[in-house]
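# An overview of the molecular structure
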Amino acid sequence: MAIDKDKRLILNRIKSHYQFKSDAQLGRFLGIASNTLANWNKRNSIDLELILTKCEELNATWICSGQGKPTNNYPNLEDGPFSTTEEVFEQLKSAKDAEIERLRELLASHEATIAAQAKAMEMMQKVIDVQGK
């Protein structure tokens with residue numbers, strides 16, 4: 001069974017399945033402090049054993065990878081990727097964050113180029129001033 005690299009997707013699947021409106025509700029369900037859940041999200045890590053224990057009625061493959069049915073109580077659903085709105089949102093957010101980081105790096109590069117050009121112009125002006133005297 002492949003486990004999603006983005007552990008927030010796992011948490012969002014559980015949150016969506018149980019229709020929790022907040023991370024605080026998810027944390028209470030899992031029996032963990034809200035700062036623990038915040039750290040999991042920040043560090044992209046989870047206690048999978050705890051999650052599988054607390055969600056024993058859910059399909060472990062679905063929890064970990066989104067593949068298959070959430071539970072055996074969905075007889076009309078085909079096996080396959082089961083995406084939640086939260087998963088799509090997280091993927092879009094990750095892409096947006098990556099693009100923002102790329103643009104920040106590009107901006108820093110342009111600012112460095114501008115600073116180097118300003119310094120070169122300053123040096124040229126000094127040479128012109130020395131030659132003009």
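Residues numbered from 1 in each chain as written. Predicted model: local features only at pLDDT ≥ 70, side-chain atom pairs only at ≥ 80, totals over all residues. Heavy atoms only, no water.

## Regarding the overall build of the protein
Each helix and strand counted, the protein has six helices and zero strands in total. In sequence order, the protein lays out its α and β elements as α-α-α-α-α-α. Scored against the burial criterion, the 133 residues of the protein give a buried share of 25%. Considering only intrachain contacts with a sequence separation of at least 6, the fraction spanning at least 24 residues in the protein is 48%. Working note: accessible area of the protein is about 9400 Å², and carbon and sulfur atoms make up 54% of it. (Helix = DSSP H or I, 4+ residues; strand = E, 2+ residues; numbered from the N terminus. Buried < 20%, exposed > 50% of the residue type's maximum accessible area, 1.4 Å probe, protein only. Contact = heavy atoms within 4.5 Å. Areas by Shrake-Rupley, 256 points an atom, 1.4 Å probe, with all protein chains shown as cover.)

## Re the pattern of salt bridges
Evaluated as defined, the whole model comprises five salt bridges. Two residues, D6 and R8, come together in a salt bridge whose shortest N-O distance is 2.9 Å. Under the relative-accessibility criterion, D6 is labelled buried at 16%. (Salt bridge = Lys/Arg side-chain N within 4 Å of Asp/Glu carboxyl O.)

## Side note on the confidence of the model for the protein
For the protein, per-residue confidence averages 85 on the pLDDT scale, and residues scoring 70 or more make up 89% of the total. In the model of the protein, helix α5 (residues 60-65) stands out as the element of lowest mean pLDDT, 87, in contrast to helix α2 (residues 23-30), which has the highest, 93. (pLDDT = per-residue confidence, 0-100.)

## Some details on the packing of aromatic side chains
Applying the stated criterion across every chain yields a total of three aromatic pairs. A centroid spacing of 4.6 Å and a plane angle of 40° characterise the contact between Y18 and F29, whose relative ring orientation is tilted. Linking Y18 in the loop between α1 (7-17) and α2 with F29 in helix α2, this pair joins segments that are 11 residues apart in sequence. When its relative accessible area of 21% is taken as the criterion, Y18 is described as partly exposed. Centre to centre, the rings of F20 and F29 are 5.4 Å apart; their planes meet at 50°, and the pair counts as tilted. Here F29 falls in the partly exposed class, since its relative accessible area comes to 26%. (Phe/Tyr/Trp six-rings, centres within 6.5 Å; stacked < 30°, edge-to-face > 60°.)

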